[in-house]
Amino acid sequence: MAQSTAAPTPTTPAITPLPVRALVPWAVFFGVLMLVLLYFVGAEQGATALVSGESVHEWVHDARHLLGFPCH
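Residues numbered from 1 in each chain as written. Predicted model: local features only at pLDDT ≥ 70, side-chain atom pairs only at ≥ 80, totals over all residues. Heavy atoms only, no water.

Details of the overall build of the chain
- The helix and strand tally for the chain stands at three helices and zero strands.
- Reading the chain from its N terminus to its C terminus gives the helix and strand order α-α-α.
- Radius of gyration (C-alpha) of the chain: 26 Å, far over the 11 Å computed for a compact globule of 72 residues.
- A buried classification covers 12% of the 72 residues belonging to the chain.
- Partitioning the intrachain contacts of the chain with sequence separation of at least 6 by distance along the chain shows that 17% fall at a separation of at least 24.
- With the model as given, the accessible surface of the chain reaches about 6600 Å², and the carbon-plus-sulfur share is 71%. (Helix = DSSP H or I, 4+ residues; strand = E, 2+ residues; numbered from the N terminus. Rg over C-alpha atoms; globule rule 2.2 N^0.38 Å. Buried < 20%, exposed > 50% of the residue type's maximum accessible area, 1.4 Å probe, protein only. Contact = heavy atoms within 4.5 Å. Areas by Shrake-Rupley, 256 points an atom, 1.4 Å probe, with all protein chains shown as cover.)

Observations concerning the environment of Gly-68
- Position of Gly-68 relative to the elements: it lies in the segment after α3 (61-67).
- The spacing of Gly-68 and Val-28 is 40 residues in sequence and 26 Å in space, taken between C-alpha atoms.

Regarding the packing of aromatic side chains
- All chains considered together, the criterion is met by three aromatic pairs.
- Relative to Phe-29, the ring of Trp-26 has its centre 6.4 Å away and its plane inclined at 90°; by these criteria the two rings are edge-to-face. Of this pair, Trp-26 and Phe-29 both sit in helix α1 (residues 20-42), separated by three residues, roughly a single helical turn.
- Since its relative accessible area comes to 54%, Trp-26 is described here as exposed.
- Measuring from ring centre to ring centre gives 5.1 Å for Phe-29 and Phe-30, while their planes differ by 70°; the resulting arrangement is edge-to-face.
- Judged by relative accessible area, which is 41%, Phe-30 ranks as partly exposed.
- Feature note: the residues Trp-26, Phe-29 and Phe-30 constitute an aromatic cluster, connected by ring pairs. (Phe/Tyr/Trp six-rings, centres within 6.5 Å; stacked < 30°, edge-to-face > 60°.)

So this is what it looks like as structure tokens:
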């Protein structure tokens, strides 16, 4: 006497969309962070320098060349 068992059917979890109001603070935060990083990579030397010396320039030197900013 063989018993037949039905295979369990897989269920897919429902994906709930995130409201835009929940994403806006994170988008603003990462946007400001990217602008600060772009400033330090692209303009942190010379007359607009916020940090004196060449330390920031040396830390981001290769990134400047990779992104096409002149520095020499």
